Amino acid sequence: MRHMTKKMRGFSLIEVMVVITIIAIMAGFAALGMDFIRREKVSSVTKDLVSDLQRLRIDALTQGPDSGTGAVMPNLRGFGIRFDSTTSYVTFAFNDANTNFIYSGTGEEVKAKTKTVSSSIKVEVNNDAAYNIVIYDRMGIPTRYKPDGTPKTIATDADALILKVQDVSGAAVKCIKVTMNSIRQGAWNASTSSCSEQ
C-alpha cells in the first residue's frame, strides 16, 4: 500500500491582496457609473421638459381655433402645462369655455396629455409652488395660475417659474427658469435656492 502525501496548498498573501485590489477597483467603477447614470437621467428629463415648454409656446403662437388640431376649440386662448405631482406633468390646450380669458380649472383643458418622468426623478415648482400652472397666450406670453384660476403675470425675474429637476437622492440637480421671454435650463444653487442660467 502506497502512501500518498497530499500537498496542502492555500493562497499566498500576495494573491489575496491582488484579488482585493481588483474588487476595490471594480466597486469604484460601479459607483462612478451610478453617479453618471443619475446625472444623465436628470439631464434627459430636463431637456424633455424644456422641449415641451418650447413646443407649448410655439403652439400658442401658431395655432388657432381651426388649425386642424383634431379637437373642437372655438375659444382657444393658448397652451399650458400643469404640475400636479413631482413625478408627472400635464400639457394641454387652453379652451376658454366661459370666455373670461382666465384659466378656470381643468374643465378648460383640451387635448390634455400626462407625461410621467422616471421614478427616480422629481420635478418640483420651486418658487411660489401654489402657482403650479403656466399658460402661454396667443402672443407667447406666459402667465402662472393657481388651480383655482388665480393668475400671476410673469413680469420680472421674481415672478419667473423655477422648476427643480433632481434625482431622488438629491445628488444630481438641474433647474429650468421660465421668464417673460425665455425658457432656460441652468445649474441649481442650493445655498441661495436659485437657478443660474447656463
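Below is a summary of the structure that appears in this document.

Quick notes on the rules
Residues numbered from 1 in each chain as written. Predicted model: local features only at pLDDT ≥ 70, side-chain atom pairs only at ≥ 80, totals over all residues. Heavy atoms only, no water. Core = buried A, V, L, I, M, F, W, Y, C linked by side-chain atoms within 4.5 Å. Buried < 20%, exposed > 50% of the residue type's maximum accessible area, 1.4 Å probe, protein only. Helix = DSSP H or I, 4+ residues; strand = E, 2+ residues; numbered from the N terminus. Contact = heavy atoms within 4.5 Å. Salt bridge = Lys/Arg side-chain N within 4 Å of Asp/Glu carboxyl O. Pairing = 2+ DSSP bridges. Axes fitted to C-alpha atoms, helices over the stretch in contact; angles between N-to-C directions. Patch = residues over 30% accessible without salt bridge, like charges linked within 9 Å, V, L, I, M, F, W, Y side chains within 5 Å. Areas by Shrake-Rupley, 256 points an atom, 1.4 Å probe, with all protein chains shown as cover.

## Overview of the nonpolar core
Ranked by size, the top nonpolar core spans 28 residues in total, and within it Leu49, Leu53, Phe83 and Ile176 carry the most contacts. Contributions of two or more residues to this core are made by helix 1 (13–62), strand 1 (76–82), strand 2 (88–95), strand 4 (121–125), strand 5 (133–137), strand 8 (161–167) and strand 9 (173–178). In contact with phenylalanine 83, other than residues within four places in its own chain, are Leu49, Tyr89, Val123, Val125, Asn132, Leu161 and Leu163. If you look at the next biggest cluster of nonpolar residues, it comprises 6 residues, including Phe92, Phe94, Tyr103 and Ile135.

## As for the pattern of salt bridges
Within this structure, the stated rule accounts for 10 salt bridges. The closest approach of N and O atoms between arginine 77 and aspartate 96, which form a salt bridge, is 3.3 Å. On the criterion of sequence distance, the pair formed by arginine 77 in strand 1 and aspartate 96 in the loop between strand 2 and strand 3 (109–116) is long-range, its members being 19 residues apart. Because the salt bridges share partners, they merge into one network encompassing Arg82, Asp84 and Glu109.

## Focus: the sheet that holds strand 4
The strand order across the open sheet formed by 5 strands is 4-8-9-10-11, and the pairing between neighbours is antiparallel. Two strands in the sheet have a free side with no partner beyond their single neighbour: strand 4 and strand 11 (194–197). The sheet shows a mean angle of 35° between the axes of neighbouring strands, taken without regard to direction. Here strand 4 runs beside strand 8; their pairing, made up of 5 bridges, is antiparallel. By the bridge assignment for strand 8, isoleucine 121 is matched with aspartate 167.

## Description of a nonpolar patch on the surface
A contiguous nonpolar patch, built from Phe11, Leu13, Val16, Met17 and Ile20 and spanning about 570 Å² of accessible area, is present on the exposed surface. Looking at the secondary structure, you find valine 16 in helix 1. Relative accessible area serves as the criterion here: at 35%, valine 16 is assigned to the partly exposed category.

## Some details on the sheet that holds strand 6 (residues 142–145)
Adjacent strands of a sheet pair through backbone hydrogen bonds, lying either parallel or antiparallel. The strand order 3-2-1-5-6-7 describes an open sheet built from 6 strands, whose pairing is antiparallel. With one partner strand each, in any of the chains shown, strand 3 and strand 7 (151–153) form the two edges of the open sheet. Adjacent strand axes in the sheet meet at a mean angle of 25°, parallel and antiparallel pairs treated alike. Of the pairings in the sheet, the one linking strand 5 to strand 6 comprises 4 bridges and is antiparallel in character. Its bridge partner being in strand 6, isoleucine 133 is matched across the sheet by tyrosine 145.

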